[in-house]
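Okay, here's what each chain looks like letter by letter:
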Amino acid sequence: MVTTWLSREFGVEIPVLGAPMGGRAGGALAGAVSAAGGLGLLGAARYNTPEWIEAEAEVARSIGGKFGVGLMTWSLPENELMLDAAIAVEPTMITLSFGDPAAYVGRIHDAGIPVVSQINTLEDLRIVEAAGVDAVIAQGGEAGGHTGRIGTLPLLQEILEATSLPVLAAGGIGTGRGLAAVLAAGGEGVMIGTALLASPETVGPDYARDRVVEAGSADTIYTSVFDRARSQPWPQRWGGRAVANEFTAAWHGVDADEETLAQAYDPSDPHSGVVYAGEAVGLVHGTHPAGDVVRRIGADAERLLSRFA
């Protein structure tokens, strides 16, 4: 595989990060990605606990040896114990995304842990550069879950032109072709999430895997309706990309209060419950183990890039 900053800095064979997907990426998934030669991240969402981080980190380490932890920066002021727990488990990397990480980077660096931030705009880049992060991930609007509105390819080009920091890409990348494209453009690797959503190592309802396999690339919607139904106070600038379903058909774009949405929402119902997924969902055709997905992406990218050797 092509050697990049990500490979050299973290000792990974395949320059792929497993996205820290809240409610999906626990220790089993993160460990499987790392065992396959990438680096898997735990998705430490706002509703998780320090105890969850400690337990899932142990699982990830036992499977893959190394792992990272992904945190939502905007939610840390209400519970900095999540950051303390992330540092305490001694991960290979911590990602601080969706907000200004300046208040936390120094503490993480003092523990000897690199910090990476997902960004969605050039303005985000300037904020995280000033905070002292080690690298950035240009996350395009094709990504699943919470993301921005600029497409991955325009954003990646803009960020590569604007910074000397190592740059990775996320959003719409689900095969070796996507990884090869990012590396050819000058990126140092990719973060994948949707490509792993049907893997048996994910946590969450079983119907989520089925919905991902069944969905096509045109079957997602960018919406805040699930956050409002579940009382998740995400900042307004970040909507979430999910597989469209009966709940979004009934309530997306409708002027309804959170109480009404909460009463209508049923997370156990496959036609109502949220399945965050990106536009790469059309590239997911079966419930393949996460390690197989990562190795196939790496092998296919290497084959494609070898044409230019």
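Residues numbered from 1 in each chain as written. Predicted model: local features only at pLDDT ≥ 70, side-chain atom pairs only at ≥ 80, totals over all residues. Heavy atoms only, no water.

Caption draft 1: Summary view of the pattern of salt bridges. Under the counting rule described, the total for this entry stands at 10 salt bridges. Ionic pairing is found between Glu80 and Arg107, a salt bridge with its closest N-O pair at 2.7 Å. Of this pair, Glu80 sits in the loop between β3 (68-72) and α4 (81-88) while Arg107 sits in helix α5 (residues 102-110), and the two are 27 residues apart along the sequence. Judged by relative accessible area, Glu80 falls into the partly exposed class, the value being 32%. Taking the shortest distance from any N to any O, the salt bridge between Asp206 and Arg209 comes out at 2.9 Å. Here the residue Asp206 and the residue Arg209 both occupy positions in helix α9 (residues 206-214), the gap between them amounting to three residues, near one helical turn. (Salt bridge = Lys/Arg side-chain N within 4 Å of Asp/Glu carboxyl O. Helix = DSSP H or I, 4+ residues; strand = E, 2+ residues; numbered from the N terminus. Buried < 20%, exposed > 50% of the residue type's maximum accessible area, 1.4 Å probe, protein only.)

Caption draft 2: Examining the packing of helix α6 (residues 122-131) against helix α7 (residues 152-162) more closely. At their nearest, the axes of α6 and α7 sit 10 Å apart, and the two run at 40 degrees to each other. As far as their axial angle goes, α7 and α6 are oblique. Crossing of α6 over α7 shows right-handed handedness. Of the residues in α7, those touching α6 at Leu122, Leu125, Arg126 and Glu129 are Glu158, Ile159 and Ala162. (Axes fitted to C-alpha atoms, helices over the stretch in contact; angles between N-to-C directions. Parallel < 35°, antiparallel > 145°, perpendicular 65-115°, else oblique. Left-handed = near helix turned anticlockwise from the far one by under 90°. Contact = heavy atoms within 4.5 Å.)

Caption draft 3: Broad picture of the domain arrangement of the protein chain. Per the domain assignment, the segments making up the protein chain are domain 1 (3-199 + 283-304) and domain 2 (204-274). On a C-alpha basis, the centroid separation for the pair domain 1 and domain 2 is 23 Å. In this assembly, 28 residues from domain 1 lie in contact with 19 residues from domain 2. The contact between domain 1 and domain 2 buries some 1900 Å² in all, and 56% of this surface belongs to carbon and sulfur atoms. Counting the surface domain 1 buries against domain 2, the share from its top three residues, Arg24, Trp74 and His146, is 31%. (Domains from an automatic or database assignment. Buried area = accessible area lost by both parts, 1.4 Å probe.)

Caption draft 4: Geometry of the pairing of strand β5 (residues 115-119). In terms of burial, β5 is largely enclosed, as five of its five residues are buried. Residues of β5 alternate between two faces, with Val115, Ser117 and Ile119 on one and Val116 and Gln118 on the opposite face, all of them buried. Across two bridges, strand β4 (residues 93-97) lies against β5 in parallel orientation. Across the sheet, the residue bridging to Thr95 is Val116, located in β5. Both β5 and strand β6 (residues 135-139) contribute to a ladder of four bridges, which runs parallel. Bridge pairing in β6 places Gln118 opposite Ile137. On the question of chirality, the crossover connecting β5 to the parallel β6 by way of α6 is right-handed. (Pairing = 2+ DSSP bridges. Right-handed = clockwise from strand over helix to strand, strands pointing away.)

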